[in-house]
Amino acid sequence: TMLRAEKEKIPPEELVAEVAEKHRKDFEDYRISVDNYQTTHSSENKELTEEMYRRLKKAGHITQRVIKQAYDEKKNMFLPDRYVRGKCPVCSTPDQHGDSCENCSATYTPMDLKNPISVVSGTTPSVRESEHFFFRLGDFDDELRSWVPGHVDGSMVNKLDEWFQAGLKDWDISRDAPYFGFEIPGESDKYFYVWFDAPIGYMASFLNLCRTSNLDLDFNEFWSNDKQTELYHFIGKDIVYFHTLFWPAVLSGAGYRKPSGIFVHGFLTVDGQKMSKSRGTFIMASTYSKYLDPDYLRYYFAAKLSDAVDDIDLNLEDFVTRVNSDLVGKLVNIASRCAGFIHRLNKAQLADDLPNNALFKEFAAAEKNIAAYYE
């Protein structure tokens, strides 16, 4: 967000508002209903983030220490995670962000990257010291070991067990200015790391719904530890660590309920390739809906989706074949044939009461439309 806003020479808040509006338009075009759509850069999220930080600090789950930080000598600035790219220190995948790997889901610091490069200046960062704040994730080791198996996809439990065996490390939840986010209360030029406040945005959106709707909702009735409500997350495989370890631990430490379940999915590829604008395999939702019915795509994804953490490939040739054979050749063909039967039945008036039936009338009236869809 910071990099793109800087490139477009607009404030980050303005960029967020523009992107959010485009998302709302996509939701409308794809007939997706969202009860309350809000950005994480909201007053409710700032309020809850600060409150959870205070609770965690009071409970002894926050510590601080001096660390080594990537620094751009040319731009005279500490580099936030996404301002550094390089090879993943675990699997050596090139061109990865400075906080996590899209390929193996490993989490690390920018200084752990192999051959790190500042995306601001293109130079190799130097190393400087800075005081940071940490969440003591290890305090929740036993609790998480017990919680994970019953609340996370079975296919991910073994992966998480690897992280348990490696040991849960203190989690750096602060970043130095410049940073687009919320300042840490009582500190100067220190901001909450995005993966600390981003999940809290789930709670913040609900808090906003409680305050602005006429649904008579009580925030604490849903989020308190002793309430029998249900909470589910559907996430991509690249953010498993944040949602299955950090997030439930933060919730527990701050006195809130943990998720009822977390479902993990793979990435979407196009014709077997990672989505890329330069390769012509990146398709915007708005571009697709300009030319084709979103329900075709919804059906295609649903037909290929499973409970495994596998990537889903949008193979365009297979997409055409499935839509024509399954939706048109089978589903609409059945309706088309039935419409013909009912039309003849109606004309022959073989049943006295059937033509007067409301459902029959509705179906008979749709006969021409059904035939047109089939053609």
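Residues numbered from 1 in each chain as written. Predicted model: local features only at pLDDT ≥ 70, side-chain atom pairs only at ≥ 80, totals over all residues. Heavy atoms only, no water.

## Here we look at the overall build of the protein chain
The number of helices and strands found in the protein chain is 14 helices and 14 strands. With the principal axes as the frame, the protein chain shows a C-alpha extent of 90 × 50 × 45 Å. When each of the 375 residues of the protein chain is scored for burial, the buried share is 40%. Here the contacts in the protein chain between residues at least 6 apart in sequence split such that 66% fall between residues at least 24 apart. Total accessible area on the protein chain is roughly 21,100 Å²; 50% of this is exposed by carbon and sulfur atoms. Positive and negative side-chain charges of the protein chain, numbering 45 and 58 respectively, have mean locations separated by a distance of 4 Å. (Helix = DSSP H or I, 4+ residues; strand = E, 2+ residues; numbered from the N terminus. Buried < 20%, exposed > 50% of the residue type's maximum accessible area, 1.4 Å probe, protein only. Contact = heavy atoms within 4.5 Å. Areas by Shrake-Rupley, 256 points an atom, 1.4 Å probe, with all protein chains shown as cover. Lys, Arg positive; Asp, Glu negative; His and termini not counted. Charge placed at Lys NZ, Arg CZ, Asp CG, Glu CD.)

## Re the side chain of Asp 72
Looking at the secondary structure, you find Asp 72 in strand 1 (residues 62-72). Look at Asp 72: it is buried, it has no salt bridge, and the nearest opposite charge is Lys 75 at 7.3 Å. Polar side-chain contacts of Asp 72 include one of 2.6 Å to the side chain of Ser 118. Apart from residues no more than four positions distant in its own chain, Asp 72 is found in contact with Met 77, Leu 79, Ser 118, Val 120, Ser 121 and Thr 123. (Salt bridge = Lys/Arg side-chain N within 4 Å of Asp/Glu carboxyl O. Polar contact = N/O pair within 3.5 Å; in protein donor to acceptor, adjacent residues only side chain to side chain.)

## Quick notes on the packing of aromatic side chains
Scanning the entire structure with this criterion turns up 25 aromatic pairs. Seen in terms of ring centroids, Trp 195 and Phe 242 are 4.5 Å apart; in terms of plane orientation they differ by 5 degrees. Their pairing is stacked. Separated by 47 residues along the polypeptide, Trp 195 in helix 6 (residues 194-197) and Phe 242 in helix 9 (residues 240-253) bring together distant segments of the chain. Here Phe 242 falls in the buried class, since its relative accessible area comes to 4%. Centre to centre, the rings of Phe 242 and Phe 246 are 5.7 Å apart; their planes meet at 50 degrees, and the pair counts as tilted. Here the residue Phe 242 and the residue Phe 246 both occupy positions in helix 9, the gap between them amounting to four residues, near one helical turn. Classification of Phe 246 as buried rests on a relative accessible area of 4%. A connected cluster of aromatic rings, assembled from ring pairs, spans Tyr 53, Phe 135, Phe 140, Trp 163, Trp 171, Phe 192, Tyr 193, Trp 195, Phe 196, Tyr 241, Phe 242 and Phe 246. (Phe/Tyr/Trp six-rings, centres within 6.5 Å; stacked < 30°, edge-to-face > 60°.)

## Focus on the pattern of salt bridges
Under the counting rule described, the total for this entry stands at 25 salt bridges. Of the charged contacts, one joins Arg 4 and Glu 8 as a salt bridge, the two residues approaching to 3.0 Å between their closest N and O atoms. On the criterion of helical spacing, the pair formed by Arg 4 and Glu 8 is a turn pair, its members being four residues apart in helix 1 (residues 2-8). Of the charged contacts in the structure, one is a salt bridge between Asp 29 and Lys 25, with a shortest N-O distance of 2.8 Å. Residue Asp 29 and its partner Lys 25 are located together in helix 2 (residues 12-29), separated by four residues, close to a single helical turn. If you follow the salt bridges from partner to partner, you end up with Arg 31, Asp 293, Asp 295 and Arg 298 in one network.

## Digging into the nonpolar core
Among the nonpolar cores identified, the biggest contains 67 residues, and Phe 135 and Trp 171 are the most heavily contacted of them. By residue number, the principal contributor to this core is helix 9, which donates nine residues. Core analysis: the second largest hydrophobic core is formed by eight residues, Tyr 288, Phe 319, Val 323 and Leu 327 among them. (Core = buried A, V, L, I, M, F, W, Y, C linked by side-chain atoms within 4.5 Å.)

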